[in-house]
Amino acid sequence: MFSLNDVDPEISRALEREKKRQKETINLIASENYASSAVLEAQGSFLTNKYAEGYPGRRYYGGCENMDTIETLAVERAKDIFHAGHANVQPHSGAQANMAAYYTLLSYGDTVMGMTLAHGGHLTHGAGVSFSGKSYNFIHYGVNRETERIDYAGMEKLAKEHQPKLIVAGASSYPRIIDFERIRYIADLVGAKVMVDIAHIAGMVSVGLHPSPVPYADIVTSTTHKTLRGPRGGFVLCRKEYAAALDSAVFPMMQGGPLMHAIAGKAVAFHEAVQPAFTEYQKRVLDNAQTLAAELKHSGLRLVSGGTDNHLVLVDLTSTGVTGLEAEEALGRVNIVVNRNSIPFELRSARITSGIRLGTPAVSSRGFGKEEMKFIADTIVKVISNHGNADFEERARQDVLKVCSRFPVPGIDI
Ligand code: DSN
């Protein structure tokens with residue numbers, strides 16, 4: 001058997017460099033994680049060879065008996081974890097999961113409400129540059145200027161004014177618990193349906209550390225690779241009454257052949273998510289976010305909404321004079337990977353921004369705890385206050401490398 005390096009040394013070298021990067025950096029990207037060796041083995045397997053258009057027991061290709069086993073396990077595990085009536089595990093990504101949900105519930109041009117990207121929403125929740133904003137008439141709600149928490153009263157007012165067919169909840173940079181019961185109440189006032197995108201919080205929802213939207217939502221969408229720590233991909237949960245419409249929205253309306261190697265990885269991740277160690281992991285994600293938030297605040301940085309209830313912290317850098325872009329680049333030079341992020345009521349462009357988003361899912365998978373979170377907060381504060389000081393940055397980078405060397409990366413080292 002030829003190795004990747006024999007066949008394609010250029011790609012092989014890029015993989016080796018990426019492995020080194022993942023081992024030697026502290027990853028605070030809130031939407032990233034490290035999949036386990038078992039997930040990687042399933043996803044990197046020869047299952048990629050197989051076409052399986054259709055669903056278990058009703059495929060359009062021969063030879064699908066093992067695909068049926070794998071997809072059925074993934075579906076049943078997803079339903080069990082989230083107590084859902086129906087699950088579809090075929091969406092290739094979170095964006096596809098959201099598209100499938102819209103196809104299930106809406107017609108082109110319908111009025112929909114979603115959280116604005118500018119306050120922590122997501123591109124596929126109606127941004128003008130996304131298919132969602134182009135296909136539907138999105139009205140956006142946001143956060144209250146004072147509390148920086150979702151403005152539910154404003155949402156209710158908008159719903160009464162615009163009579164949406166659907167209200168979309170969920171976010172990609174919102175550090176607080178979302179009140180799904182209240183959103184259902186508002187939707188019922190105007191006869192709207194509810195879709196909740198739990199891509200970021202799925203891991204915590206799966207173990208009961210964040211309220212579940214399933215009792216309140218018509219459709220729930222998610223990715224599998226963020227706090228859920230599975231392979232890169234998406235899935236959708238819905239009430240039984242939407243099962244047939246959802247399945248035909250995914251295939252044949254939106255996608256062709258399912259990525260069976262990814263679905264096998266999802267099944268493995270769902271299996272891992274019901275092990276006791278996964279609950280402990282999610283607790284660590286939350287504890288680490290609390291420590292990070294407290295330490296950053298203690299050092300004088302302002303956090304959007306004053307703190308966090310989940311896995312992420314949104315830091316407003318305005319008072320430091322350093323932009324989000326500058327902070328992202330400076331932290332990158334000391335091997336701490338973050339993303340710049342707009343803050344609510346942002347004055348800078350989305351390319352520059354005044355904020356950075358910090359998440360604890362990846363470092364918690366690596367085993368970081370309180371001491372490491374204090375080290376990270378201290379390093380972030382110093383990198384920002386010594387912005388552009390190359391000597392300081394090199395010393396800080398050496399310290400980061402020492403910490404990284406003590407913590408193996410799941411899927412790579414263990
Ligand atoms: N890219 C994801 C995130 O970082 O939150 C959203 O698609």
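Residues numbered from 1 in each chain as written. Predicted model: local features only at pLDDT ≥ 70, side-chain atom pairs only at ≥ 80, totals over all residues. Heavy atoms only, no water.

**Looking at the environment of Leu-401**
Tracing the backbone shows Leu-401 in helix α16 (residues 390-405). Considering only alpha carbons, one finds Leu-401 and Ile-26, 375 residues apart in sequence, at a separation of 8.7 Å. If near-sequence neighbours (up to four positions away) are discounted, Leu-401 is found in contact with Glu-24 and Asn-335. (Helix = DSSP H or I, 4+ residues; strand = E, 2+ residues; numbered from the N terminus. Contact = heavy atoms within 4.5 Å.)

**What to know about the nonpolar core**
Ranked by internal contacts, the top residues of the largest apolar core, which has 61 residues, are Phe-82, Ile-167 and Leu-237. Among the elements that take part in this core, helix α11 (residues 260-273) stands out by supplying 8 residues, more than any other. Those residues in contact with Phe-82 that sit more than four places away from it in its chain are Ile-198, Ala-202, Val-205, Ser-206, Val-214, Leu-228, Phe-235 and Leu-237. Core analysis: the next-biggest nonpolar cluster, separate from the first, contains 34 residues, Leu-303, Ile-380, Val-383 and Val-400 among them. (Core = buried A, V, L, I, M, F, W, Y, C linked by side-chain atoms within 4.5 Å. Buried < 20%, exposed > 50% of the residue type's maximum accessible area, 1.4 Å probe, protein only.)

**Here's the deal with the sheet that holds strand β11 (residues 302-303)**
Read across the open sheet, the 4 strands follow the order β11-β12-β15-β14; overall the sheet is antiparallel. Each edge of the open sheet carries a strand with a single partner, namely β11 and β14 (339-341). Relative to strand β15 (residues 355-359), β14 runs antiparallel, the two being bridged by 3 bridges. Among the inter-strand pairings, Arg-340 is bridged to a residue of β15, identified as Ile-356. Here helix α13 (residues 324-333) sits on the sheet in contact with β14 and β15, set at roughly 45° to β15. (Pairing = 2+ DSSP bridges. Axes fitted to C-alpha atoms, helices over the stretch in contact; angles between N-to-C directions.)

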